[in-house]
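Geometric and topological summary
As a plain string of letters, each chain reads:
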Amino acid sequence: MAIYRIEQNQLVEVPVTNFASQDIRERQDLQRLLKAQIEVLDSNLLVLAEEFGDWEDSSRRIDLLCLDRDANLVVVELKRTQDGGHMELQALRYAAMVSTMTFAKAVEVAGRTHGWDADTAKQAVLAFLRWDEVNESRFAQDVRIILAAANFGKELTTAVLWLNQRNLDIRCMRLKPYRMEDGALLLDVQQLIPLPEAAQFQTCIQAKEQEGRVQRAERYDIRFRFWDALLNHANTRTNLHANRSPGAYGWVGGGIGIRGLGLNYATREEDSQAELYIDFGSGKAERNLEVFHSLEARKAELETAFGGPLEWQDLPDSRACRIRKTVAGGYRSPETEWPRIHAEMVDAMIRIHAAFQPAVQNLQG
């Protein structure tokens, strides 16, 4: 967007320029000016250090290291280029490296930067945070990132948007210089990501997505442990799934010796199953039904061999078919019930194999 000078009868566009042509340098100019007036980027920051690099085995330095009012560290990276280069990757490294900083270290660093003695530095940091006393457990619980550049390339903004969706806090601030006719140099500072008007909405969306990720991780963990216990029990009774490993998903596959037929365990929140799954692959829906119906024609014989009724499902909305035994109780059942659930699942699997293995021997994929 352009900036215009208002005259009596017209709007006159102020010419945009660039930092290089105006001999504005990153460290000596932009960094120096922003250190002195960090509120240009964020009114709730305290500069702890300029060119911070207090870590072993690295010569890398953070342009500006700050603290916000929530006691989070803030890594500020500056570029005068039009695309931002790879500054987001650099800032991520810095954020990780500085994430273990303690309150005492922050006070020490701030003291060196501002020329404060130890007591003055401590009191200044406490006053900024509005703390009555040091609370190390609340300090630096997170690290935010601010990227400030003349502009940002598509690759960088795409990466930042993706990272923010995963609960990072990265802001992109565009610093755009303009040259007035009288020689005055103006600087337009705009937050591009996240848009200030949408920040609260995006925060709510991110919170919801984060909650979803936590729930998914919890679900995967529970299912992994469910399968691990089931396979350990199964291996004491049969070798049908002896070479299988537990996973995080809703089923564990096995074979019956015929390509296209699987002996699968499956689990949901409240129930589980052992099944013969019929799927000869893409474009083979008719073959799946043919095999299913040929077995269904022997339903009474096969259920007698199994020792009870089975569910026969041709799954019209799927190319596959299945014949299964459902067991009450799933991965969300209390873990004290898992041994019973696993025992019933393995028993059903052994009986399905025994009943159907002779019946499918002449099938060809």
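Scroll up to find the structure.
This section reports on the structure supplied with the text. (Residues numbered from 1 in each chain as written. Predicted model: local features only at pLDDT ≥ 70, side-chain atom pairs only at ≥ 80, totals over all residues. Heavy atoms only, no water.)

As for the overall build of the chain
To keep things clear, this is the line we draw: Runs of E in the DSSP output that reach at least two residues are strands. Runs of H or I that reach at least four are helices, and both are numbered from the N terminus. Here's how the labels work: a residue is buried when its accessible area is under 20% of the maximum for its type, exposed when over 50%, partly exposed in between, all with a 1.4 Å probe on protein chains only. The contact definition used throughout considers only heavy atoms, calling two residues in contact when any of these lie within 4.5 Å. Charge assignment: positive for Lys and Arg, negative for Asp and Glu; neither His nor the chain ends contribute. Charge positions are represented by NZ for Lys, CZ for Arg, CG for Asp and CD for Glu.
From N to C terminus, the chain includes nine helices and 13 strands. Overall, the chain is about 95 × 55 × 35 Å in size when its C-alpha atoms are taken along their principal axes. Put simply, the chain has 365 residues, and 42% of those count as buried. Contacts in the chain between residues at least 24 apart in sequence constitute 59% of all its contacts with a sequence separation of at least 6. Between the centroid of the 44 positive side chains of the chain and the centroid of its 53 negative side chains there is a distance of 4 Å.

Some thoughts on helix α4 (residues 118-129)
Which entries qualify depends on this criterion: By this rule, a helix spans an expected 1.5 Å times one less than how many residues it contains. The directions considered for the arc run from the helix axis to the C-beta atoms. Under the rule applied, a polar contact is a pair of N or O atoms within 3.5 Å (in protein, one hydrogen donor and one hydrogen acceptor; residues adjacent in sequence only if both atoms are side-chain atoms).
Taking 1.5 Å per residue, twelve residues should reach 16 Å; α4 reaches 17 Å between its end C-alpha atoms and fits that length. Restricting attention to buried positions, one finds in α4 the residues Ala121, Val125, Leu126, Phe128 and Leu129. Looking straight down α4, one finds its buried side chains confined to an arc of 160°; they lie on one side. Of the residues in α4, the exposed ones pointing more than 90 degrees away from the buried face are Asp119 and Ala127. N-capping of α4 is provided by Asp117, with a side-chain oxygen placed 3.2 Å from the backbone N of Asp119.

Regarding the side chain of Arg174
Defined as follows: Salt bridges are counted wherever a side-chain nitrogen of Lys or Arg sits within 4 Å of a carboxyl oxygen of Asp or Glu.
Within the element layout of this structure, Arg174 appears in strand β7 (residues 170-179). Of the side chains with opposite charge, Asp188 lies nearest to the buried Arg174, which makes no salt bridge, at 4.2 Å. The contacts of Arg174, once residues within four sequence positions are left out, are Ala149, Ala150, Asn151, Phe152, Asp188, Val189, Gln190 and Leu192.

Things to note about the pattern of salt bridges
Within this structure, the stated rule accounts for 22 salt bridges. Of the charged contacts, one joins Arg144 and Asp169 as a salt bridge, the two residues approaching to 3.6 Å between their closest N and O atoms. You can see Arg144 sitting in strand β6 (residues 143-149) and its partner Asp169 sitting in the loop between α5 (154-165) and β7, a full 25 residues away along the chain. Judged by relative accessible area, Arg144 falls into the buried class, the value being 7%. Two residues, Arg324 and Glu311, come together in a salt bridge whose shortest N-O distance is 3.2 Å. Placement of the pair is Arg324 in strand β13 (residues 321-328) and Glu311 in strand β12 (residues 311-313), with a sequence separation of 13 residues.

Focus on the sheet that holds β7
Two modes of strand pairing occur in sheets, parallel and antiparallel, and in both the strands are linked by backbone hydrogen bonds. This is how it is decided: Only strands joined by at least two bridges in the DSSP assignment are considered to pair. Throughout, an axis means a line fitted to C-alpha atoms (over the contacting stretch in the case of helices), and angles, computed between N-to-C directions, take values from 0 to 180 degrees.
With mixed pairing, the six strands of this open sheet are ordered in space as β3-β4-β5-β6-β7-β8. On the outer flanks of this sheet lie β3 (45-52) and β8 (185-193), each paired with one strand and no other. Across the sheet, the axes of successive neighbouring strands diverge by a mean angle of 25°, strand direction being ignored. By the bridge criterion, six bridges tie β3 to strand β4 (residues 62-68) in an arrangement that is antiparallel. Note on β4: the bridge partner recorded for Leu45 is Asp68. The strands that helix α2 (residues 87-98) touches are β3, β4, β5 (73-79), β6 and β7; relative to β5, the one it contacts most, it runs at about 150°. Against the sheet, α4 contacts β3 and β4, and its axis sits at roughly 60° relative to β4.

Points about the packing of aromatic side chains
Applied cut-off: For Phe, Tyr and Trp, rings pair up if their centres lie within 6.5 Å, where Trp contributes its six-membered ring, and each pair is then called stacked (planes under 30 degrees apart), edge-to-face (over 60) or tilted (otherwise). A ring is scored as having a charge over it whenever the NZ atom of a lysine or the CZ atom of an arginine sits within 6 Å of its centre and within 35 degrees of its normal.
Overall, the coordinates contain six aromatic pairs when judged by the stated rule. Measuring from ring centre to ring centre gives 6.2 Å for Phe103 and Trp131, while their planes differ by 20°; the resulting arrangement is stacked. Highlighted residues: Phe103 in helix α3 (residues 103-114) and Trp131 in the loop between α4 and β6, separated in sequence by 28 residues. With a relative accessible area of 4%, Phe103 lands in the buried category. Seen from their ring centres, Phe226 and Trp227 are 5.4 Å apart, and the 80° between their planes marks the pair as edge-to-face. A relative accessible area of 0% means that Phe226 is categorised as buried. One aromatic cluster is present, built from ring pairs that chain together Phe103, Trp131 and Phe139. The aromatic ring of Phe280 is capped on one face by Arg287, whose charged end is 5.1 Å from the ring centroid.

A few points about a nonpolar patch on the surface
The condition that has to hold: Only residues above 30% relative accessible area that lack a salt bridge enter a patch, with like-charged residues linked at up to 9 Å and the nonpolar side chains Val, Leu, Ile, Met, Phe, Trp and Tyr linked at up to 5 Å. Exposure was quantified through the Shrake-Rupley algorithm and a 1.4 Å probe, taking into account, for residues, occlusion by the shown protein chains and nothing else.
Nonpolar side chains collect at one region of the surface, where Tyr4, Ile6 and Leu11 lie side by side and expose about 370 Å² of accessible area between them. Looking at the secondary structure, you find Leu11 in strand β2 (residues 11-13). Accessibility expressed as a relative area gives 56% for Leu11, which makes it exposed.

Observations regarding the nonpolar core
The criterion, for reference: Put simply, a nonpolar core is a bunch of buried Ala, Val, Leu, Ile, Met, Phe, Trp, Tyr and Cys residues held in one set by side-chain atoms that sit within 4.5 Å of each other.
By size, the foremost hydrophobic cluster in this structure holds 41 residues, and its most contacted members are Leu48, Val75, Val98, Met101, Phe139 and Leu147. Contact partners of Leu48, with chain neighbours within four places excluded, come to Leu65, Cys66, Leu67, Leu73, Met101, Ala106, Val109, Ala110 and Thr113. By size, the runner-up hydrophobic cluster in this structure holds 40 residues, among which are Leu295, Val327, Tyr331 and Val360.

A closer look at α2
Given a rise of 1.5 Å per residue, twelve residues ought to cover 16 Å, and the 16 Å separating the end C-alpha atoms of α2 matches this to within 8%. Met87, Glu88, Ala91, Tyr94, Ala95 and Val98 are the residues of α2 that are buried. Down the axis of α2, the buried set is contained in an arc of 120°. They therefore lie on one face. Contacts from the buried residues of α2 go to β3, β4, β5, β6 and α5.

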